[in-house]
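Here is what each chain is made of, one letter per residue.
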Amino acid sequence: MEQIVISGTGVFTPEQSITNEELVKAYNEYAKKFNLLNKQDIDSGKTDALELSNEEFIFNASGIKNRFVLDKEGILDPEVMHPILDKRSDDQPSILAEMSIKAAKKALDNAGKTPKDIDAVITACSNLERAYPAISIEVQELLGIEGFAFDMNVACSSATFAIQAAADMIRSGSAKTILIVDPEICSGHLDFKDRDCHFIFGDVCTAMILERKDTAESNNCFEIISTKCITQFSNNIRNNFGFLNSAKKSSPLDRDLLFMQQGRKVFKEVVPMVSQLILEHLNEEKIQTDEIKRLWLHQANKSMNDLIGKKVLGRTPEEYEQPNILQDYANTSSAGSIIAFSKFSDDMNKNEIGVLCSFGAGYSAGSIILKKIS
Ligand code: COA
């Protein structure tokens with residue numbers, strides 16, 4: 001079978017960031033004002049008072065300390081509580097395309113490629129800015145790439161499913177060298193007025209170059225040994241935003257048009273699903289768990305990753321074996337495992353094996369076994 005490699009990665013990190021302390025202060029101000037304004041209804045039992053958030057809970061429950069965002073001011077303004085992004089004319093680059101270009105340029109440099117070498121672009125992310133034209137086709141145009149492009153969304157597993165799709169396409173001959181971008185503006189689908197989830201997400205964009213081993217020239221290439229993707233329907237992570245919203249007479253302010261989850265249930269159901277997926281995948285490839293030098297896991301919750309790591313390796317992983325970026329970036333949906341891979345793979349030795357694994361809404365989970373080859 002044709003050998004396919006990831007020959008370059010890139011991460012675009014927004015300049016602005018928000019600490020837990022800043023986030024909690026803004027939320028608590030909002031909650032106190034809400035309670036004051038609705039005092040009568042709260043006293044009569046018509047409305048529930050909002051409880052306050054706190055930093056200790058957030059760090060202990062999730063491992064998150066900080067998140068990068070495209071707009072800090074709007075999120076931290078108790079009168080606004082969402083990012084305020086500039087409205088652009090159709091002649092200007094879209095925000096997703098703009099951040100994709102920044103990450104793509106880094107990945108191209110890292111792989112030693114130029115846009116002329118690329119013949120397909122996949123934008124894989126949880127939230128697309130518009131229905132059409134595809135963001136990927138705009139990225140293709142902005143970079144001057146010939147060939148074809150398309151968008152895909154498998155929520156937090158978008159990037160790993162895109163790796164599988166791209167590797168299969170290169171193997172089948174429909175493309176030679178593929179650029180994957182994962183622009184995630186998670187602050188746009190998060191309800192910062194909801195104490196249970198206001199701390200979860202951050203913004204970022206990752207990019208990867210995939211090609212045949214015989215065309216790859218970079219000195220940080222990982223061969224894709226194999227991919228295994230699974231899905232299983234669940235309503236425990238859901239967002240009802242969609243093109244039928246106005247036809248269904250939804251108000252743009254309806255709570256279900258933003259991210260919603262049953263965090264506890266997700267935790268309980270996804271940990272066994274993902275551990276089993278990785279173990280089955282390794283078994284199918286006849287790879288022993290003691291051969292695994294690194295686990296680049298989806299970054300949603302530190303305790304969840306610690307548990308998955310322990311189930312897969314049969315012992316508590318060392319910190320360097322299972323890098324976390326959650327404390328700095330929070331959950332960045334499909335980009336999280338790619339950030340971990342991009343930042344913690346240079347030091348691996350030739351022939352060492354690692355597993356890149358995403359999991360999230362759908363449910364969906366993707367396991368990619370990688371071997372460092374240069
Ligand atoms: N500050 C203080 N207390 C808070 C709080 C906050 N910001 N948010 C929730 N709480 C309270 C809850 O109201 C609850 O109170 P109760 O016990 O009186 O009912 C208590 O803290 C525990 O809340 P719970 O939601 O059960 O916490 P948790 O330990 O499950 O942690 C998550 C919440 C979301 C961090 C955790 O469930 C998680 O990460 N799950 C996996 C999610 C995931 O992977 N999703 C994929 C998304 S892509």
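Quick summary incoming for the structure in this document.

1. Overview of the pairing of strand β6 (residues 178-185)
Summarising burial for β6: eight of the eight residues are buried, a large majority. In this structure, strand β4 (residues 120-124) lies alongside β6, joined through four bridges in parallel fashion. Each residue of the ladder has a partner; that of T123, found in β6, is V181. In this structure, β6 lies alongside strand β7 (residues 203-212), joined through eight bridges in antiparallel fashion. Its bridge partner lying in β7, I185 is registered against D203.

2. Describing the packing of aromatic side chains
Going through the model one piece at a time under the given rule, you end up with nine aromatic pairs. When the centroid spacing of 6.3 Å and the interplanar angle of 40 degrees are considered together, the rings of Y30 and F34 count as tilted. In this pair, Y30 and F34 both sit in helix α1 (residues 20-37), four residues apart, roughly one turn of the helix. The class for F34 is partly exposed, based on a relative accessible area of 22%. Pairing F148 with F150 gives two aromatic rings, centres 6.5 Å apart and planes at 10 degrees, and the pair type is stacked. The class for F148 is partly exposed, based on a relative accessible area of 32%. The class of F150 is partly exposed, set by a relative accessible area of 29%. Through pairs of rings, three or more aromatic residues link up here, namely Y27, Y30 and F34.

3. Description of helix α11 (residues 336-343)
Among the eight residues of α11, seven are classified as buried, and the element is accordingly described as predominantly covered. Buried within α11 we find G336, S337, I338, I339, A340, F341 and S342.

4. Some details on the site of the ligand
Neighbouring the ligand are 18 residues; S53, R195, Q261, R264 and N301 lie closest to it. R195 places a side-chain nitrogen or oxygen 2.8 Å from an oxygen atom of the ligand. Here R264 contributes a side-chain N or O atom positioned 2.8 Å from an oxygen atom of the ligand. For the ligand, the protein covers 73% of the area, taking 970 Å² as the surface of the free molecule. Residue assignment for the shell around the ligand shows that the elements contributing at least two residues are α3 (55-62) and α8 (263-284).

5. Remarks on the packing of α8 against helix α9 (residues 302-313)
At a minimum axis distance of 9 Å, the contact between α8 and α9 shows a crossing angle of 35 degrees. In this structure, the crossing between α8 and α9 has a hand that is right-handed. Packed against α8, whose contacting residues are V266, F267, V270, V271, V274, S275, I278, L279 and L282, the element α9 presents S303, M304, L307, I308, K311 and V312 at the interface. Residue classes in the contact of α8 with α9 are distributed as twelve nonpolar, two polar and one charged.

Criteria and thresholds
- Position numbers for residues count from 1 along each chain, tracking the sequence in the order it is written.
- Totals for whole chains, interfaces and linings use all residues, but because this is a predicted model, local features are given only for residues with pLDDT of at least 70 and pairs of side-chain atoms are given and counted only at 80 or more.
- As a rule here, side-chain values come from all non-hydrogen atoms in the structure, and water together with hydrogens is ignored.
- Note on exposure labels: buried denotes an accessible area under 20% of the residue type's maximum, exposed denotes more than 50%, and partly exposed covers the range between, all computed with a 1.4 Å probe on protein chains only.
- Counting from the N terminus, the helices are the DSSP runs of H or I reaching at least four residues and the strands are the DSSP runs of E reaching at least two.
- The pairing criterion is simple: DSSP has to find at least two bridges between the two strands.
- Centres within 6.5 Å make a pair out of two Phe, Tyr or Trp rings, where for Trp the six-membered ring is used; the pair is then stacked when the planes are under 30 degrees apart, edge-to-face when over 60, and tilted otherwise.
- Working definition: residue near molecule or strand if any one of its non-hydrogen atoms lies within 4 Å of it.
- Under the rule applied, a polar contact is a pair of N or O atoms within 3.5 Å (in protein, one hydrogen donor and one hydrogen acceptor; residues adjacent in sequence only if both atoms are side-chain atoms).
- Computed with the Shrake-Rupley method and a 1.4 Å probe, the accessible areas treat only the protein chains shown as cover for residues.
- A fitted line through C-alpha atoms serves as each axis, taken over the contacting stretch for helices, and the angle formed by two N-to-C directions is quoted from 0 to 180°.
- Left-handed describes a crossing whose near helix is turned anticlockwise from the far helix through less than a right angle; right-handed describes the clockwise counterpart.
- Residue contacts are defined here by distance: any two heavy atoms, one from each residue, within 4.5 Å place the two residues in contact.
- The residue classification treats Ala, Val, Leu, Ile, Met, Phe, Trp, Tyr, Cys and Pro as nonpolar and Asp, Glu, Lys and Arg as charged. All others, Gly included, are polar.

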